[in-house]
Amino acid sequence: MNNYYSSNPSFHVGIDCIIFGFNDGELSLLLLKRNFEPAMGEWSLMGGFVQENESVDDAAKRVLAELTGLENVYMEQVGTFGAVDRDPGERVISVAYYALVNVNEYDRKLVRKHNAYWVNINELPPLIFDHPAMVTKARELMRQKASTEPIGFNLLPKLFTLSKLQSLYEAIYGETMDKRNFRKRVAGMDYVEKTDKIDKLCSKRGAALYKFNSKVYRKDPKFKL
């Protein structure tokens, strides 16, 4: 059996994380300005390598935690990218994941340490290797999932206004939504609960703050937005 394995080539297994955030009405990506070779000085996704003692999923969680300090983050596998010449350094087969994080909760010191920055999704710089393809596929998957499951709430703070909720889904789908129809759909969601708190930052009158109740959602997991 050993001869069977040793007679075949060994490759590096990489992890690349497409980390989405939401701020000022727009989706953003957390990107690295690389300070190492290959492609030093260029923009890339956050990545790393699968270690001997961890699964691919565990490696993705570790890579994300090493950059942001966050654990228990919503993550989903995007796919495997394995073109022969995708990485000029070595033969690397990479498994990509996308993650949805609250931009108010990550560890800013860690992010600065890794020379990472939030960049508006509509103003992305050229990315290295096949990272643009990873981002494109991740956005497609996120849009599909966001239409049938409430994953978008992972991008929001615990308390939010309905205006902010609408602007989030407009950013995800890339289209403007009718305010009246949007609020009518949200009104039918028992798990989007109105609180007694008011957000006075947006207007003098203030807007009601809402929260997502995951326990209520799990009892009747129906979502369409």
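Note that the structure is a prediction, hence the values are computed from the model and not measured.

The next subject is the side chain of arginine 139. By secondary structure assignment, the location of arginine 139 is in helix 4 (residues 131-146). Buried charge arginine 139 goes without a salt bridge, the closest partner of opposite sign being glutamate 26 at 7.3 Å. With near-sequence residues (within four places) excluded, arginine 139 lies in contact with Phe20, Leu27, Ile121 and Ala171.

A separate point is the packing of aromatic side chains. Remark: the centre distance and the inter-plane angle together describe each pair of aromatic rings, the angle taken between the planes. Across all of its chains, the model carries 12 aromatic pairs by this definition. Centre to centre, the rings of phenylalanine 20 and tyrosine 98 are 6.2 Å apart; their planes meet at 75 degrees, and the pair counts as edge-to-face. Pair noted here: phenylalanine 20 is in strand 1 (residues 12-23) and tyrosine 98 is in strand 6 (residues 92-100), with a separation of 78 residues, a long-range link. Residue class for phenylalanine 20 comes out buried when judged on its relative accessible area of 0%. Residue class for tyrosine 98 comes out buried when judged on its relative accessible area of 0%. Ring plane angle 50 degrees and centroid distance 6.2 Å describe the contact between tyrosine 74 and tyrosine 98, whose orientation is recorded as tilted. Taken together, the residues tyrosine 74 in strand 5 (residues 74-81) and tyrosine 98 in strand 6 connect sequence positions 24 residues apart. Each member of the pair, tyrosine 74 as well as tyrosine 98, is classed as buried. Ring pairing ties together the aromatic residues Phe153, Phe160, Tyr191, Phe212 and Tyr217, which thus form one cluster. The cationic tip of arginine 91 hangs over the ring face of phenylalanine 11; the distance from NZ or CZ to the ring centre is 4.6 Å.

Evaluation of the coordinates by the stated rule reveals 7 salt bridges. The salt bridge involving glutamate 54 is made with arginine 62; its shortest N-O contact spans 2.7 Å. On the accessibility criterion, arginine 62 (24% relative accessible area) is partly exposed. We note a salt bridge from lysine 197 to aspartate 196, for which the minimum N-O separation is 3.9 Å. The network of salt bridges with common partners includes Asp16, Arg86 and Asp130.

Calculation rules
Residues numbered from 1 in each chain as written. Predicted model: local features only at pLDDT ≥ 70, side-chain atom pairs only at ≥ 80, totals over all residues. Heavy atoms only, no water. Helix = DSSP H or I, 4+ residues; strand = E, 2+ residues; numbered from the N terminus. Buried < 20%, exposed > 50% of the residue type's maximum accessible area, 1.4 Å probe, protein only. Lys, Arg positive; Asp, Glu negative; His and termini not counted. Salt bridge = Lys/Arg side-chain N within 4 Å of Asp/Glu carboxyl O. Contact = heavy atoms within 4.5 Å. Phe/Tyr/Trp six-rings, centres within 6.5 Å; stacked < 30°, edge-to-face > 60°. Lys NZ or Arg CZ within 6 Å of the ring centre and 35° of its normal.

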